[in-house]
Structures are given as C-alpha cells and as structure tokens.
Amino acid sequence: MERLDGKKVADALHAQTARVVAALKQQQHEAPLLVAVLVGNHAASETYVASKIKACERAGIASRLVRLPETTTQAELLAILADLNADADVDGILVQLPLPSHISETAVIEATHPAKDVDGFHPENMGRLAKNLPALAPATPAGIVAMLAHYGIETKGKTCVVVGRSNVVGTPISLLMSQNRPQGNCTVITCHSHTVDLPRYTQMADILIVAAGKPGLIGKEHVRPGAVVIDVGIHRIDAPDLPRGYRIVGDVAAEQLTDMSGWLSPVPGGVGPLTIASLLQNTLQAYSRRRGIALPNV
Ligand code: GUN
C-alpha cells in the first residue's frame, strides 16, 4: 500500500497556523493563549503535553502548563477550571486525559467552558457537531478529515467503515464522514466490539477508519484491495531488542497489507502528528469566535 504521510500534512497545517498567528500579531492583536492542565505523572501524558506546548511555541501561540499533583481532588480541579473559564486572557483549555481514578472525566469535561473546549469533548460541542453546526471538533477526527483533504481523497458516495465508537474518535468521525461537507457524504457503517463477522463489513469499505484500541485487530482478510485505510490505534508494545525497549504499533497489522493496492495512514507517522496540528487550529477558532476577531486569510 502507498503511505499517507501525516507528518507532511501536519507540517503544512502548523505552517498555516504560524502564518495566521504572525498576521494577528502584525495587526496588533494579542497571541492566542492555550492552557494545558496535567494532573499526576502519567508518563505518556507528560510526553503528549510537552509536545503540545512545544507546538504552541513553534506556532507563536502563548501557552501555560498547570501542573497538579496526583492527589488533587475533583473539587480543586473544578475550581481551577472555573478560574480558567472566567479568565478573559485564556482562549483554550485542555485537561490531559486520563485523569486519576478519583476524578470523574465526565465532570471535568462538562466543567470546561464549551467556547474554550479545544479538545471538542464537551457535550455542547459534540451536539453541535452532530447537527453539523459550527463547533470545536475533537482533534483526532479533525486530523483525519485534514488528511483526506490534503490527499484529495474522494469521499462523496463512498462506503466508509469506522471500527470503534468512542466519544473521542469513533462516534465523531462516523458523524463527520456521513455529513454533507467536503470530506463527507459517505455511507457510514460503524462497527464495534459487538459487531458479528467484522470482515463482512470492513471488506465493504472504500475508506476504513480503525479506532478500536486493539493492536493488530485489522489484517489482510479485513481489507478490500484499493481501500484507503486510516489506522488511529496507538499502542506501546515491549520490544527488548530495541534501544528504547518498546515499539509503537496501531490497530492495523500493517505488515500484512504491504503488497496490497490502496493507501494506508500508518502508525506511527499517520494521524498522530495531525492531532496536535488540529488542536492548534481549534485554539485559533476558539480565539476568533470568543474575541470576535476574524482570522486573517493567509
Ligand atoms: N489523552 C489522549 N488523547 C487526548 C486528547 O486528545 N486530549 C486530551 N485532553 N487528553 C488526551
């Protein structure tokens, strides 16, 4: 299969974000401000948040990291969110997930002001997305759409099979792909852990989006030759033979698809880099809507 290069698409999006921020500053506007909240010392979360902050710096977006101990109570976190919601300087808020088990993710998501919810996780944003109204869309689905757009992949009238129904990826991407929009108008089939005979459906896919959270779930027998396969899974697998001791794999057994015709957005190097690029684009959208400042067309 040919590769869809997420890094290349992300670089183009980052460059566009940087141009917009530079133009805003030239018009004497303040830079957008993104605040990331990190609770505890989850290793992967530390890495993700550091990458988000670095991407902000590169694009000229101001950022602040609020680091909280593992022992932070839910009430303390909600009070911090109330302050950030009320702070007129703050354009975007993201609370890195997962949270310690004594804090309800639902409560935290619902306590983030929808206009500052750059993760697009708040029910108001999800509801607006479902109604095809302007909304902050979750970053990974937005990244998938950006990938399809960049490569000019025709979606209208195609069959799109989504494997997974999470709030973060499967459900919103199923909605986006079926809607009347440039990278939409697909006939969508959403599969999940209770789907009987998964290959029966996935073989129908012109576009197969896999976000099941199961390493290597999708093999050769699931894929129709010529399909566009987008792997959204991400797993650390122990690999004592490698210097860093682990390998990153997705939900697709990519090695089984090498000789097939079609396109693959692989893991790593596919939609991963696009997630951060979309988060920064959401920060610009949040800035523009809340402050009533049009984004320069650069
Ligand atoms: N943890 C894993 N992915 C994400 C994400 O997109 N946003 C946040 N806030 N936490 C995450």
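Relevant structure appears above.
The residue numbering used here restarts from 1 in each chain and proceeds along that chain's sequence as written. Side-chain atom pairs in this predicted model are given and counted only at pLDDT of 80 or more, local residue features only at pLDDT of at least 70, and totals for whole chains, interfaces and linings cover all residues. Only hydrogens and water are removed before side-chain values are computed, so all heavy atoms of the structure are retained for them.

Moving on: the pattern of salt bridges. Here, a salt bridge means any Lys or Arg side-chain nitrogen found within 4 Å of an Asp or Glu carboxyl oxygen. This structure, assessed with the given rule, holds seven salt bridges. Among the ionic pairs, Arg-64 bridges to Asp-87, the shortest N-O distance being 3.8 Å. Linking Arg-64 in strand E3 (residues 62-68) with Asp-87 in the loop between helix H3 (74-86) and strand E4 (92-95), this pair joins segments that are 23 residues apart in sequence. Burial here depends on accessible area, computed with a 1.4 Å probe over protein chains only, as a share of the maximum for the residue type. Under 20% is buried, over 50% is exposed, and the range in between is partly exposed. Among the residues examined, Arg-64 registers a relative accessible area of 36% and is labelled partly exposed. Given a relative accessible area of 24%, Asp-87 falls into the partly exposed group. Ionic pairing is found between Arg-290 and Asp-91, a salt bridge with its closest N-O pair at 2.8 Å. With Arg-290 in helix H9 (residues 272-291) and Asp-91 in the loop between H3 and E4, the pair connects residues that are 199 residues apart, well separated along the chain. A relative accessible area of 0% places Asp-91 in the buried class. Helix and strand labels come from DSSP, where a helix needs a run of H or I of at least four residues and a strand needs a run of E of at least two; each type is numbered from the N terminus.

Moving on to the sheet that holds strand E7 (residues 207-210). In this description, strands pair whenever DSSP reports at least two bridges between them. Pairing is parallel across the open sheet formed by six strands, whose spatial order is E1-E11-E8-E7-E5-E6. Both outer strands of the open sheet, strand E1 (2-3) and strand E6 (187-191), are each paired with one neighbouring strand and no more. Where strand E8 (residues 228-231) and strand E11 (residues 263-265) come together, three bridges link them in parallel fashion. In the strand pairing of E11, Ile-230 is matched with Ser-265.

Attention now moves to the state of the cysteines. Cysteine sulfur atoms that come within 2.5 Å of each other are treated as a disulfide pair. Under the defined criterion, the tally for this structure stands at zero disulfides. The cysteine Cys-186 is free of any disulfide, with Cys-160 supplying the nearest cysteine sulfur at 4.9 Å. Residue Cys-186 is classed as buried on the basis of its relative accessible area of 7%.

Before going further, it helps to spend a moment on the side chain of Thr-155. Mapping Thr-155 onto the fold places it in the loop between helix H6 (139-150) and strand E5 (159-163). With near-sequence residues (within four places) excluded, Thr-155 lies in contact with Leu-148, Met-177, Pro-182, Gln-183, Gly-184, Asn-185, Cys-186 and Ile-207. Every residue pair with non-hydrogen atoms within 4.5 Å of one another is taken to be in contact.

Taken in spatial order, the three strands make up an open sheet running E3-E2-E4, and their pairing is parallel. Only two strands of the sheet have a single partner each, and these edge strands are E3 and E4. When strand polarity is set aside, the average angle formed by the axes of neighbouring strands in this sheet is 15 degrees. Two elements, strand E2 (residues 33-39) and E3, share seven bridges in a ladder whose sense is parallel. Bridged to Val-35 within E3 is Arg-64. Every angle, taken between N-to-C directions, lies between 0 and 180 degrees, and every axis is a line fitted to C-alpha atoms, over only the stretch in contact when it is a helix.

Below, the discussion takes up the site of the ligand. The local shell around the ligand consists of Lys-52, Leu-94, Val-95, Gln-96, Leu-97, Asp-119 and Phe-121. In this structure, a nitrogen atom belonging to the ligand sits 2.8 Å away from a main-chain N or O atom of Val-95. Each polar contact in these results corresponds to two N or O atoms within 3.5 Å; when the atoms are within protein, one needs to be able to donate a hydrogen and the other to accept it, and residues that are neighboring in sequence are counted only if both atoms are side-chain atoms. Taking Leu-97, its main chain carries an N or O atom lying 2.8 Å from a nitrogen atom of the ligand. Among the residues making up the shell around the ligand, the classes are represented as four nonpolar, one polar and two charged. For each residue, the test is whether any non-hydrogen atom lies within 4 Å of the molecule or strand; if one does, the residue is near. Each residue gets one of three labels, nonpolar for Ala, Val, Leu, Ile, Met, Phe, Trp, Tyr, Cys and Pro, charged for Asp, Glu, Lys and Arg, and polar for the others, Gly among them.

All right, on to the pairing of E7 then. Neither face of E7 is left uncovered, since the one carrying Ile-207 and Ile-209 and the one carrying Leu-208 and Val-210 both have all their residues buried. Bridge count between E5 and E7: four bridges; the pairing is parallel. Following the sheet pairing, Cys-160 is matched in E7 by Ile-207. Bridge analysis of E7 against E8 gives four bridges, and the strand direction is parallel. In the sheet register, Val-210 faces E8, and the bridge partner there is Asp-231.

What follows concerns the environment of Glu-57. Relative to the assigned elements, Glu-57 resides in helix H2 (residues 43-59). Given the relative accessible area of 57%, Glu-57 is considered exposed. Each C-alpha atom, one on Glu-57 and one on Ala-18, is 9.6 Å from the other, the two residues being 39 residues apart in sequence.

Here we come to helix H1 (residues 6-26). Expected helix span is computed as 1.5 Å times (number of residues minus one). With 21 residues, H1 extends 30 Å between its outermost C-alpha atoms, agreeing within 8% with the 30 Å of an ideal straight helix rising 1.5 Å per residue. For H1, every residue scored as buried is listed here: Gly-6, Val-9, Ala-10, Leu-13, Thr-17, Val-20, Val-21, Ala-23 and Leu-24. Each buried residue of H1 lies within a common arc of 160 degrees when the element is viewed along its axis, so the set occupies one face. Buried residues in H1 make contact with H2, H6 and H9. Here H1 starts with a cap whose side-chain oxygen sits 3.1 Å from the backbone nitrogen of Lys-7, and that cap is Asp-5. The first or second residue beyond H1 is Gln-28, which carries a positive phi of 70 degrees. Picture the helix axis, draw a direction to every C-beta atom, and the arc is the one those directions span.

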